[in-house]
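Listed below are the residues making up each chain.
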Amino acid sequence: MKKWDELQKLYETLGCRAQMAEPLRNHTTFRIGGSCAAFVHINCVEALRQVLQYCRVQEIPYTVMGNGSNILAADEGYSGVVLHLGRDFSAVTVDGTRLHCQAGATLSRIGKLALEESLTGMECLAGIPGTVGGALYMNAGAYGGEMANVTVSAHCMLPDGTVMELEKEQMALGYRSSVFRGNRWLIMDVTLQLQPGRYGVIQEEMDTLMARRRAKQPLELPSAGSTFQRPVGSYASFLIDQCGLKGASAGDAQVSTKHAGFVVNTGKATCHDVLELCDFVKQTVQEKTGYQLQLEPVILGDPK
C-alpha cells in the first residue's frame, strides 16, 4: 500500500533502522507473538515526532516498546507500527547525583553506571530486565523499591508531537501504575535522583539481590516476569502455590516449578496457551481462596 511505502521512505530519510513484517517474538522476553506491520528503531526525538505524526495522519495504529519484558504479544500479531525505544535511544548522562536517561536505556546499564559513580538507589531496580521508560510506565519495582523512589521528572511526547515535562508528583505513581498507562503520552526520558554511596557497599547489595533472583526466579526460561499483580492482603505466588498449581500447563506455557508467580515458555508456547493457563489459574485461585488475580503484562494486539 502507498502509505506503507511512504512510511518506509520516512524511516530511511530519518536514518532509523526498520523491519517490515517483523515477528514480535524476536523482541519480547516471552519469545511469543506474531508479526507487526513495521518495527522501527527510533533514534532521536525528531524521528519520534515525525513517525508519530505520520501514523496519526494516516490513522495507522502504533505502540511503543522498550525491552519487551512486560509484554504478551498476540499470536495474530499487531497490525500497526511498533516504535522501539531501545539501544538507538538510550543515552545516559550524569549530573552530580542525578542521571538523565533516554527512555531506551536499560535498568541494568543505568545500575552499572550508578555503581561506577558510587551512587546508591538503583540496587533493587538494576536486575529488572527492562528499560527505564517501560519501568516508569508501570512503576516497576522489586525487593522493597520502585521507580517512584528515584524518579524526579520525565519528558513525554503527546500524540500531536508536543513535548511536555512532568514532575513526579504529576505522574500518579502507584503499585504498577502511572498516569502514562491511561493515555497516549510517550515517555522520552527520565531524570533519576540517586544519593552518594560507597562503591563496595553498592556492589555487595547488587550482587546479593542478583543472587536472590537467580536462586528464586526461573531466569533460565522465557517469561514476561511476574505474571500476576500482587493482590491486596496477599501475594500471587503464595496463593498459586497454595492452590497446588506449580507445574500446571497449557501447551508449552507452564506455571514455573521454581516460582509460582511466573508463567514460563518451556518451548513453543503461544499467546493462546498463556492466556488459557492464566484463566485457569485465576479461576482456581478465586474458587479456593476468594482472591481475584489480575494479569501484570500488557497484551499487545488482539488475541483471538
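Calculation criteria
Residues numbered from 1 in each chain as written. Predicted model: local features only at pLDDT ≥ 70, side-chain atom pairs only at ≥ 80, totals over all residues. Heavy atoms only, no water. Axes fitted to C-alpha atoms, helices over the stretch in contact; angles between N-to-C directions. Helix = DSSP H or I, 4+ residues; strand = E, 2+ residues; numbered from the N terminus. Parallel < 35°, antiparallel > 145°, perpendicular 65-115°, else oblique. Contact = heavy atoms within 4.5 Å. Nonpolar A, V, L, I, M, F, W, Y, C, P; charged D, E, K, R; others polar. Pairing = 2+ DSSP bridges. Core = buried A, V, L, I, M, F, W, Y, C linked by side-chain atoms within 4.5 Å. Buried < 20%, exposed > 50% of the residue type's maximum accessible area, 1.4 Å probe, protein only. Phe/Tyr/Trp six-rings, centres within 6.5 Å; stacked < 30°, edge-to-face > 60°. Lys NZ or Arg CZ within 6 Å of the ring centre and 35° of its normal. Polar contact = N/O pair within 3.5 Å; in protein donor to acceptor, adjacent residues only side chain to side chain.

Caption draft 1: Highlighting the packing of helix 3 (residues 107-116) against helix 5 (residues 199-216). Running from N to C, helix 3 and helix 5 cross one another at 155°; their axes reach a closest spacing of 9 Å. Between helix 3 and helix 5, the crossing angle belongs to the class labelled roughly antiparallel. Taken together, the residues of helix 5 that come into contact with helix 3 (itself represented by Gly111, Leu115 and Glu116) are Tyr199, Ile202, Gln203 and Met206. Partitioned by chemical class, the residues of the contact of helix 3 with helix 5 number 4 nonpolar, 2 polar and 1 charged.

Caption draft 2: Focus on the sheet that holds strand 2 (residues 35-41). The 4 strands are arranged 1-2-5-3 in an open sheet whose pairing can be described as mixed. Across the chains shown, the open sheet's two edge strands, defined by having one partner strand only, are strand 1 (17-23) and strand 3 (62-65). Taking the axes of each pair of neighbouring strands and ignoring which way they run, one obtains an average angle of 25° across the sheet. Of the strand pairs in this sheet, strand 3 and strand 5 (residues 78-84) are connected by 4 bridges, and their pairing is parallel. For Met65, the partnering residue across the bridge sits in strand 5 and is His84. Sitting on the sheet, helix 2 (residues 45-57) touches strand 3 and strand 5, and the angle it makes with strand 5 is about 165°.

Caption draft 3: Representation of the nonpolar core within the structure. Grouped together as the largest cluster of nonpolar side chains are 32 residues, with contacts concentrated most on Ile110, Met147 and Leu192. Those elements that provide at least two residues to this core are strand 7 (98-102), helix 3, helix 4 (132-137), strand 11 (151-157) and strand 13 (186-193). Top element by residues in this core is helix 3. It accounts for 4 residues. Not counting residues within four places of it along the chain, the set of residues in contact with Leu192 comprises Thr97, Arg98, Leu99, Cys101, Ile110, Met122, Val132, Met147, Val150, Thr151 and Val152.

Caption draft 4: Fine view of the packing of helix 1 (residues 2-14) against helix 2. Running from amino to carboxyl end, helix 1 crosses helix 2 at an angle of 175°, the nearest separation of the two axes being 10 Å. For the element pair helix 1 / helix 2, the angle class is roughly antiparallel. Contacts between helix 1 and helix 2 involve Lys3, Glu6, Leu7, Leu10, Tyr11 and Leu14 from the former and Ala47, Gln50, Val51 and Tyr54 from the latter. Looking at side-chain class alone, the contact of helix 1 with helix 2 contains 7 nonpolar, 1 polar and 2 charged residues.

Caption draft 5: Highlighting the packing of aromatic side chains. Taken as a whole and judged by the stated rule, the model has 0 aromatic pairs. Positioned above the aromatic ring of Tyr62 is the side chain of Arg184, whose terminal nitrogen or guanidinium carbon lies 4.3 Å from the ring centre.

Caption draft 6: Up close: the pairing of strand 6 (residues 92-95). Where strand 6 meets strand 7, 4 bridges bridge the pair, whose relative direction is antiparallel. The residue of strand 7 that forms the bridge with Val94 is Leu99. Connecting strand 6 to the next strand, strand 7, in antiparallel fashion are 2 residues, including Gly96 with a positive phi near 65°.

Caption draft 7: Structural detail: the side chain of Asn265. With respect to the element layout, Asn265 can be found in strand 17 (residues 263-265). The exposure class of Asn265 is buried, given its relative accessible area of 2%. Of note is the side chain of Asn265, whose polar atom sits 3.1 Å from the backbone oxygen of Phe30. The residues touching Asn265, leaving out its near neighbours within four places in the chain, are Phe30, Arg31, Ile32, Leu221, Pro222 and Asp252.

Everything listed here is a matter of coordinates, which is why it stays silent on function.
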